[in-house]
Amino acid sequence: MLNHLISRLLSPSLRSHPSKISALRFSTTVSAAERLYNHLQGCTTNLEKELASANVNLDSTCINEVIRRCDPNQFQLGLRFFIWAGTQSSHRHSPYMYSKACDFLKIRTNPDLIKDVVGAYKKEECFVSVKTMRIVLSLCNQAKLADEALWVLRKFPEFGLCADTVAYNLVIRLFADKGDLSMADMLMKEMDCVGLYPDVITYTSMINGYCNAGKIDEAWKLAKEMSKHDCVLNTVTYSRILEGVCKSGDMERALELLAEMEKEDSGGLISPNAVTYTLVIQAFCEKKRIREALLVLDRMGDLGCTPNRVTASVLIQGVLENDEDVKDLSKLIDKLVKLGGVSLSECFSSATVSLIRMKRWEEAEKIFRLMLVSGIRPDGLACSHVFRELCLSERYLDCFVLYQEIEKEDVKSTMDSDIYAVLLLGLCQQGNSWEAAKLAKSMLDKKMRLKVSHVEKIIEALKKTGDEDLMSRFSTD
DNA sequence: TTAGGGTTAG
């Protein structure tokens, strides 16, 4: 009976006897991955050609599996496979896959891997396209390897290729983000020499870099130069400068810039949006100038710009940090909801989360319960935070009761599965078998996957209760 | 090219 529970709660990848559906999926992907991996093993040269002959349908599960098998000492092989897979027209790596590849292949701690693979392409006279190089650069980008990205950029001619604006932009952004503005600037100037033109993205990366370094004047100088390359200053770029001004602490100047953006004669190209206003609001909140932050919200509303969740949470946190008066909070929430773009649920959930972060637990619990009695559904983040707090103070039964109430409200938000495990464990430990069984059933219904360590602990706890009824509940489900 | 809090999947 317990085995039945274990096998249902365990993740399929960790399960020794997967259920029929996942077993089917598992076996097909494993065999594809196995075939590719075996091909990789047999290659001495022309690895990419060899892989093409494997004639396998690529998907992320299969790619993941192949790379995983290259651990611990075949990382170069794994990287070549990943790059090859990305060049296939039938497949495109998602950003998630790039980060997975960086983790699995430990590219951050071993950046030479990139050079080794590109070096091998050259040595083996492999066919290398712009697409190949773009994937290599994307890996550098994911791993934040500016020097390696530059090295790759320099390798383009060796393969008879010309670096394009996209490639330059990626490298420039890496250096600008790193704070190496002289290198970023040098590359931008170099673009002109090789027949490329910096575009809005190039300028935005540079301006962002200058602003982060506190060099607002440099950022402005660049912004003025944009028209030289037929680039038009837009809301995003202008907001970047405004952000820099805010960070420098000159809020009066920031308000002037905001007014500049709001002027109609700019043709709307730099009209402030929710992000622009939120940046200014946030800066005022950080400086404890909450009244002025609220004035910016009014201004936002006057100009027909709708606040979003970030605007709301920044302001709510600001009010909570600066003011003890609950009336101010409800006035703010009322205003936010009236302006549209953000719901009562989002506002109250945000207030709950802020209060918990500020360690004002009692107020957080009050607001959370108020939401429930008023029929406002809390969001997943608020639920996760409240449940975690209740579990931390070992109020498992209270947590369970709240959980049930929320389930009744039909909250479809995703919650941290670890919290469910801790709650289930706590209920078992405190002898609340009936509640534990109910929760376990709900977890099974949700097809929730738990860590092996959690399941093991839960099973141990269940054994201690020795509750036959509980056992049968699990086995009959 | 533009942000941000927890999770899930890929």
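Residues numbered from 1 in each chain as written. Chains lettered and ligands numbered in written order. Predicted model: local features only at pLDDT ≥ 70, side-chain atom pairs only at ≥ 80, totals over all residues. Heavy atoms only, no water.

Chain A goes by Pentatricopeptide repeat in an unreviewed UniProt entry, where it is assigned to Arabidopsis suecica. The UniProt entry for chain A carries this comment under Sequence similarities (unreviewed entry): "Belongs to the PPR family. P subfamily." (UniProt positions renumbered as here; feature names shortened; annotations may be inferred.)

Visitor: Kindly report on helix α15 (residues 251-262), identifying the contributing residues and their values.
Guide: An α-helix turns once every 3.6 residues. As a result, residues three or four positions apart point the same way. Here α15 contains 12 residues, and its C-alpha end-to-end distance of 16 Å stays within 8% of the 16 Å for a straight helix at 1.5 Å per residue. What α15 keeps buried is the set Met251, Ala254, Leu257, Leu258, Met261 and Glu262. Mapping the buried residues of α15 onto a view down its axis gives an arc of 140°, with all of them on the same face. Next to the buried residues of α15 lie α13 (216-225), α14 (235-248), α16 (274-286) and α17 (290-302). (Helix = DSSP H or I, 4+ residues; strand = E, 2+ residues; numbered from the N terminus. Expected span 1.5 Å × (residues − 1). Buried < 20%, exposed > 50% of the residue type's maximum accessible area, 1.4 Å probe, protein only. Arc of directions from axis to C-beta. Contact = heavy atoms within 4.5 Å.)

Visitor: Please give an account of the UniProt feature "repeat: PPR" (unreviewed entry) in chain A that cites residues and values.
Guide: When the UniProt feature table is mapped onto this chain, "repeat: PPR" (unreviewed entry) is found at residues 164-198, 199-233, 234-264, 273-307, 344-378 and 416-450. For residues 234-264, helix accounts for 84% and strand for 0%, while the C-alpha atoms at its two ends are 14 Å apart. Taken end to end, residues 344-378 is 77% helix and 0% strand, and its first and last C-alpha atoms sit 9 Å apart.

Visitor: Which residues make up the environment of valine 319, and what values do they have?
Guide: Among the structural elements, valine 319 can be located in helix α18 (residues 309-322). Assessed through its relative accessible area of 5%, valine 319 is described here as buried. With 13 residues separating them in the primary sequence, valine 319 and leucine 332 have C-alpha atoms 8.4 Å apart. Setting aside residues no more than four positions away along its own chain, valine 319 makes contact with Ile290, Asp328, Leu329 and Leu332.

Visitor: Give me the packing of aromatic side chains: which residues, what numbers.
Guide: Evaluation of the coordinates by the stated rule reveals 6 aromatic pairs. Taking 5.6 Å as the distance between ring centres and 90° as the angle between the ring planes, the aromatic pair formed by tyrosine 403 and tyrosine 420 counts as edge-to-face. Residue tyrosine 403 is found in helix α23 (residues 396-408), and its partner tyrosine 420 is found in helix α24 (residues 417-429); the two are separated by 17 residues along the sequence. Each member of the pair, tyrosine 403 together with tyrosine 420, is buried. The rings of Phe387, Phe400, Tyr403 and Tyr420 are connected pair by pair, giving a single aromatic cluster. Positioned over the ring face of phenylalanine 159 is lysine 122, at 5.8 Å from the centre of the ring. (Phe/Tyr/Trp six-rings, centres within 6.5 Å; stacked < 30°, edge-to-face > 60°. Lys NZ or Arg CZ within 6 Å of the ring centre and 35° of its normal.)

Visitor: So what's going on with the pattern of salt bridges? Residues and values would help.
Guide: Think of it this way: side chains of opposite charge can pair up when their charged atoms draw near. Scanning the model with the defined rule gives 27 salt bridges in all. Across the pair glutamate 65 and arginine 68 runs a salt bridge, and its minimum N-O distance is 3.1 Å. Residue glutamate 65 and its partner arginine 68 are located together in helix α4 (residues 60-69), separated by 3 residues, close to a single helical turn. Overall, the relative accessible area of 15% leaves glutamate 65 in the buried class. A network of salt bridges, in which partner residues are shared, links Glu34, Glu65, Arg68 and Arg69. (Salt bridge = Lys/Arg side-chain N within 4 Å of Asp/Glu carboxyl O.)

Visitor: Give a description of the nonpolar core that names residues and reports values.
Guide: Grouped together as the largest cluster of nonpolar side chains are 157 residues, with contacts concentrated most on Leu36, Phe81, Ile107, Leu139, Ile281, Ile316 and Leu439. Two domains each put at least three residues into this core: domain 1 (43-159) and domain 2 (164-229). (Core = buried A, V, L, I, M, F, W, Y, C linked by side-chain atoms within 4.5 Å. Domains from an automatic or database assignment.)

Visitor: Can you explain helix α11 (residues 181-193)? Please cite residues and give values.
Guide: With 13 residues, α11 ought to run about 18 Å at 1.5 Å a step, and its terminal C-alpha atoms sit 19 Å apart, in line with that. Every buried residue of α11 is accounted for by Leu181, Ala184, Leu187, Met188, Glu190 and Met191. The secondary structure elements touched by the buried residues of α11 are α9 (146-155), α10 (165-178), α12 (200-212) and α13. Glycine 195, located one to two residues past α11, shows a positive phi value of around 80°.

Visitor: So what about the packing of helix α22 (residues 380-392) against α24? Which residues, and what values?
Guide: Remark: α22 packs on α24, axes separated minimally by 10 Å, with the N-to-C direction vectors making an angle of 30°. The angle between α22 and α24 places the two elements in the roughly parallel class. The handedness of the crossing between α22 and α24 comes out as left-handed. Within the contact between the two elements, α22 uses Ser384, Phe387, Arg388 and Cys391 and α24 uses Ile419, Val422 and Leu423. (Axes fitted to C-alpha atoms, helices over the stretch in contact; angles between N-to-C directions. Parallel < 35°, antiparallel > 145°, perpendicular 65-115°, else oblique. Left-handed = near helix turned anticlockwise from the far one by under 90°.)

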